[in-house]
Amino acid sequence: MRQIVLDVETTGLEASAGHRIIEIGCVEILNRRPTGQKFHRYLNPEREIDAGALAVHGIELARLAQAPKFAEIAPDLIAFISGAELIIHNAPFDVGFLDAELARLAGEARTVAGLCRVLDTLALARSLHPGQRNSLDALCKRYSVDNSKRDLHGALLDAGILVDVYLAMTGGQSALALDVRAGASERARISIASTALRAPGIVLAVPQPDDEELRRHEALLEVIHKASGGRVVWREMAQPDGAPEGRPEGRAEGPPEGDRAHRNH
C-alpha cells in the first residue's frame, strides 16, 4: 500500500476566510516502510500572514517573496499524491486548505477526495485514547517518538514525525517483520533463533491482556478494517466457520470517530 504522510502550514486558521498554504510537506510510505521519497515546497501565499500563525510556524512573508505560487507546483503535487492514502493529523484542516487551493486552479475541478483516500490520525488517536490529549506532541510523548527538534511547526518536519507516530499507533516495528521474499539464509537464521527460544530450561512469560488492552486492540482492528476495505489478516485468521466475512462472529462495531476536528497539531 502506498501512503503519503502530509502536513501544511498556513497564513491563518480558516481557508474559508481566504487564508492560504505557505508550506506543504509529504513523506512517502510503501508497505509500512518510508521510501525516502519526499515532496516539500514553500509557497508565496499572495497575502499577509496572521500574527497567530506566525507565532506557530515562524515563517515570515518576506521569506516567501520568491517562492512559487500554489498553481505552479500543483501538477507535481497532484502527481505525487494521486492514488495514495493520505495520512494527516487533523485531516479536515489540511484537506480544507488543499481543496480551497485546488478550487482556485483553472481547468477541471479537483478535490483531495477525488485524488486520494484520507486517514485522520487525530480521529484514530481519539478512538484509541478517549479523553486524553491527542495532539502530535502528546502522541510523541505517549509513543516515545523523538520530537526534540520541533521548537516551531514545520510541514516537512511534522510529516516526518507523524510517520513515526502513525507506525507506532498502528503496530510499529515494521522493520522487524519477516519479508516473505527473504532469502533462504535469512529464513533459516530466524528459524534457528525461534528454535533457541524453545530450548529446554527457558520459560517464557506470557502476559495476558486486560479488558482495557483488549478494547484498544479491537478499536485499532476496526480502524484498520475500515481503511483496508475489510482485509485485516488477524480477523481472517480468527474467522470461525459460518461467521460473516471480514468480521469474526460476535465482533462488536468499533467506537465512533472522534468529535468535530479542530486544529490540533
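Quick note: structure is the one above.
The notes below deal with the structure included here.

Thresholds applied
Residues numbered from 1 in each chain as written. Predicted model: local features only at pLDDT ≥ 70, side-chain atom pairs only at ≥ 80, totals over all residues. Heavy atoms only, no water. Core = buried A, V, L, I, M, F, W, Y, C linked by side-chain atoms within 4.5 Å. Buried < 20%, exposed > 50% of the residue type's maximum accessible area, 1.4 Å probe, protein only. Helix = DSSP H or I, 4+ residues; strand = E, 2+ residues; numbered from the N terminus. Contact = heavy atoms within 4.5 Å. Pairing = 2+ DSSP bridges. Axes fitted to C-alpha atoms, helices over the stretch in contact; angles between N-to-C directions. Parallel < 35°, antiparallel > 145°, perpendicular 65-115°, else oblique. Left-handed = near helix turned anticlockwise from the far one by under 90°. Phe/Tyr/Trp six-rings, centres within 6.5 Å; stacked < 30°, edge-to-face > 60°. Lys NZ or Arg CZ within 6 Å of the ring centre and 35° of its normal. Expected span 1.5 Å × (residues − 1).

Observations concerning the nonpolar core
- In this structure, Leu6, Ile24, Cys26, Phe70, Leu77, Ile81 and Leu86 are the most contacted members of the largest nonpolar core, which totals 30 residues.
- Taken together, the elements giving at least two residues each to this core come down to β1 (2-10), β2 (21-30), α2 (70-81), β4 (85-88), α3 (91-103) and α4 (112-115).
- If sequence neighbours within four positions are ignored, Leu77 has contacts with Ile24, Cys26, Phe39, Phe70 and Leu98.
- Core analysis: the next-biggest nonpolar cluster, separate from the first, contains 23 residues, Ile29, Ile87, Leu136 and Val163 among them.

A closer look at the pairing of β1
- Across the nine residues of β1, eight count as buried, placing the element largely inside the fold.
- Judged from the nine bridges that link them, β1 and β2 form a sheet pairing that is antiparallel. Bridging from a neighbouring strand, Val8 pairs with Ile24 of β2.
- Sheet topology note: the β1/β4 ladder contains three bridges and is parallel. Bridging across to β4, Ile4 finds its partner in Leu86.

Brief notes about the sheet that holds β2
- Taken in spatial order, the five strands of this open sheet run β3-β2-β1-β4-β5, and their pairing is mixed. Strands with a single pairing partner mark the edges of an open sheet, and in this sheet they are β3 (33-42) and β5 (117-120). Each adjacent strand pair in this sheet contributes to an overall mean axis angle of 25°, direction not counted.
- Both β2 and β3 contribute to a ladder of seven bridges, which runs antiparallel. If you follow Cys26 over to β3, its bridge partner there is Phe39.
- Sitting on the sheet, helix α5 (residues 121-128) touches β4 and β5, and the angle it makes with β5 is about 40°.

A short note on the packing of α5 against helix α9 (residues 211-227)
- One way to put it is that α5 packs onto α9 with a least axis distance of 9 Å and a crossing angle of 155°. Our classification of the angle between α5 and α9 gives roughly antiparallel. You can see that α5 and α9 cross each other, and the crossing is right-handed. Residues Leu124, Ser127 and Leu128 of α5 form the contact with α9, whose participating residues are Arg215, Arg216, Ala219, Leu220 and Val223.

Things to note about the packing of aromatic side chains
- Within this structure, the stated rule accounts for two aromatic pairs.
- In this structure, Arg2 is placed above the aromatic ring of Phe80, and the distance from its NZ or CZ to the ring centre is 5.3 Å.
- Across from the ring centre of Phe39, 4.3 Å away, lies the NZ or CZ of Arg41, which sits over that ring.

Here we look at α3
- In a regular helix each residue adds 1.5 Å, so 13 residues correspond to 18 Å; α3 covers 18 Å between its end C-alpha atoms and thus fits that length.
- Those residues of α3 that sit buried are Ala91, Phe93, Asp94, Val95, Phe97, Leu98, Ala100, Glu101 and Leu102.
- Tucked inside the fold, the buried residues of α3 contact β1, β2, α2, β4, α4 and β5.

What to know about unusual backbone geometry
- Even without being a glycine, Glu46 presents a positive backbone phi close to 60°.
- Locating Glu46 in the fold gives a position in the loop between β3 and α1 (51-57).
- Residue Glu46 is classed as partly exposed on the basis of its relative accessible area of 47%.
- The phi torsion at Asn90 lies on the positive side, around 65°, for a residue other than glycine.
- Residue position: Asn90 is located in the loop between β4 and α3.
- Under the relative-accessibility criterion, Asn90 is labelled buried at 1%.

Bear in mind that shape data such as this cannot, by itself, settle questions of function.
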